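Remarks on the overall topology
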Amino acid sequence: MSSSPAPTSADHTAPAAKKRPQANLTVLRTERLGPHMVRVVAGGPGLSAFEPKGFTDMYVKIHFVDPAAGLAEPIDLAAVRAELPRDRWPATRTYTIRRFDPAAGELAVDFVVHGDAGLAGPWAANAVPGDTMIITGPGGAYRPDPAADWHLLAGDDSALPAVAAAIESLPATAVGHAYLEVDSDADVQPIQAPAGLELHWVLRRGAPAGTGSALADAVTAGPWLAGRVHVFAHGERESMKALRDVFFKQRGLERSQVSLSGYWAYGRTEDSFQAEKKQPIGKIL
Ligand SMILES: Cc1cc2nc3c(=O)[nH]c(=O)nc-3n(C[C@H](O)[C@H](O)[C@H](O)COP(=O)(O)OP(=O)(O)OC[C@H]3O[C@@H](n4cnc5c(N)ncnc54)[C@H](O)[C@@H]3O)c2cc1C
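The rules behind these values
- Residues numbered from 1 in each chain as written.
- Predicted model: local features only at pLDDT ≥ 70, side-chain atom pairs only at ≥ 80, totals over all residues.
- Heavy atoms only, no water.
- Salt bridge = Lys/Arg side-chain N within 4 Å of Asp/Glu carboxyl O.
- Buried < 20%, exposed > 50% of the residue type's maximum accessible area, 1.4 Å probe, protein only.
- Helix = DSSP H or I, 4+ residues; strand = E, 2+ residues; numbered from the N terminus.
- Pairing = 2+ DSSP bridges.
- Axes fitted to C-alpha atoms, helices over the stretch in contact; angles between N-to-C directions.
- 1 Å grid on protein atoms, 1.4 Å probe; cavity = no way out; pocket = protein on both sides within 12 Å on 5 of 7 lines; lining within 4 Å.
- Points joined across faces, edges and corners; volume = space filled by probe spheres on them.
- Nonpolar A, V, L, I, M, F, W, Y, C, P; charged D, E, K, R; others polar.
- Domains from an automatic or database assignment.
- Phe/Tyr/Trp six-rings, centres within 6.5 Å; stacked < 30°, edge-to-face > 60°.

Here's the deal with the pattern of salt bridges
Following the criterion strictly, the structure yields 16 salt bridges and no others. Its salt-bridge partner being glutamate 238, residue arginine 237 comes within 3.9 Å of it at the nearest N-O pair. Residue arginine 237 is classed as buried on the basis of its relative accessible area, which comes to 3%. When the shortest N-O distance is used, the salt bridge between glutamate 276 and arginine 237 registers 2.8 Å. Here glutamate 276, found in the segment after helix H7 (270-275), pairs with arginine 237, found in helix H6 (residues 237-250); they are 39 residues apart in sequence, far enough to count as distant. The structure contains a network of salt bridges with shared partners spanning Arg29, Glu31, Arg39, Arg98, Glu106, Asp110 and Glu168.

Remarks on the sheet that holds strand S5 (residues 99-101)
Spatial strand order, S4-S3-S7-S1-S2-S6-S5: seven strands in an open sheet with antiparallel pairing. The open sheet terminates on both sides in strands that have one partner only, identified here as strand S4 (91-96) and S5. Going from strand to strand, the sheet's axes swing by 35 degrees on average, the running direction of each strand aside. Inspection of the sheet shows strand S2 (residues 37-43) paired to strand S6 (residues 106-112) by seven bridges, in the antiparallel sense. Pairing of alanine 42 across the sheet is with leucine 107, part of S6.

Brief notes about the sheet that holds strand S9 (residues 175-182)
Taken in spatial order, the five strands make up an open sheet running S10-S9-S8-S11-S12, and their pairing is parallel. In the strand order of this sheet, the two ends are held by strand S10 (196-203) and strand S12 (258-264), each with one partner. Taken pair by pair, the neighbouring strands of this sheet meet at an average axis angle of 10 degrees, ignoring direction. Bridge count between strand S8 (residues 150-156) and strand S11 (residues 229-236): six bridges; the pairing is parallel. Among the inter-strand pairings, leucine 152 is bridged to a residue of S11, identified as valine 231.

So, empty space enclosed by the protein
Gaps left between atoms are located by rolling a probe of water-molecule size over the structure's atoms. Counted by the stated rule, this structure contains one cavity of 30 Å³ or more. Volume-wise, the largest cavity comes out at about 50 Å³. Along the walls of the largest cavity sit Leu33, Gly34, His36, Met37, Asp157, Leu160, Val182, Asp187 and Gln189, which together make up its complete lining. Of the residues that constitute the lining of the largest cavity, the class distribution is four nonpolar, three polar and two charged. When residues of the lining of the largest cavity are assigned to domains, at least three map to each of domain 1 (16-139) and domain 2 (150-282).

A short note on the packing of aromatic side chains
With the rule as written, the count across this model stands at six aromatic pairs. The interplanar angle of 70 degrees and the centroid separation of 5.8 Å between the aromatic rings of phenylalanine 64 and tryptophan 123 together place this pair among those described as edge-to-face. Within this pair, whereas phenylalanine 64 is found in strand S3 (residues 59-64), its partner tryptophan 123 is found in helix H3 (residues 120-126), the two being separated by 59 residues in sequence. Phenylalanine 64 gets classed as buried once you look at its relative accessible area, which sits at 11%. Looking at tryptophan 123, the relative accessible area reads 18%, which means it is buried. Residues tryptophan 150 and tryptophan 224 carry aromatic rings whose centres are separated by 5.0 Å and whose planes lie at 90 degrees to one another, so their mutual orientation is edge-to-face. A residue pair is termed long-range when its members are at least 10 positions apart, and tryptophan 150 in strand S8 and tryptophan 224 in the loop between helix H5 (214-221) and S11 qualify at 74 residues. Under the relative-accessibility criterion, tryptophan 150 is labelled buried at 0%. An aromatic cluster is built from Phe64, Tyr95, Phe111 and Trp123, whose rings are joined through pairwise contacts.

Taken by themselves, the reported measurements are silent on function.
As structure tokens, then:
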């Protein structure tokens, strides 16, 4: 391991608009990646305001303007926040940048399509070229430590974009295991992985996302290599609590070796999920 490992802590609740610039993007196209995921590729002149960071889990806040609040796109978030009460601010949702291609002028975000509930999932499922996507950010906290002996990555559909981006950034010599929980074979995606990185697809087979222990069970039963591991594990909150116990209680890992957080919580909107981070139920580490 290097003496200065890659940063592993993440603060997904930070008020992104304060320190992070706003970019008003235009949807260029959408691509269906499977029954439960849609890729939204955005760009346009607003992309010049986006400044990437050197993390593979780079994420942004997407701001959803509610016309009922008397707002119309495009908006200036700083002005909205300065002039209007909080209940009229756009709702925000947090998403990983799956791919940023400045030469092509494209930024891709992969959204889980999880039914009619919520804002972001239904928005992405129905997005069409020309729609506006307002983002602030990016934040980020993880990149694979090149000095680690091996890598372990785990996540459900919501973390699939971040896990895939991390795997695709690894050198050809990297080794490890990645566990990805999705509903069925139809949700499996092609990921460019080094030959020594084995992909394990964990299938829910119709069970609702966020209700089982399949991901932690798979990691527990899976191979454990020799040497120092660098872990990236994110997804539904209870599933991450189960993995926390695997990594810290069963395997005795140090905090600096593990990037672990909840990306969402079963039965909660993102607003409730973020608010619960201050309560015992919301704490993972
Ligand atoms: C740093 C970070 C990065 C993230 N990156 C991504 C990403 O790249 N792609 C992605 O799809 N998500 C990602 N997420 C998770 C995403 O922010 C949440 O899933 C969010 O709640 C979705 O908002 P929504 O408006 O669709 O649903 P909400 O209005 O927040 O919730 C409505 C209902 O849908 C349920 N729900 C929410 N998410 C899911 C899900 N994934 N599967 C099943 N049910 C769900 C909720 O429990 C709730 O009952 C990320 C989260 C974080 C913190």
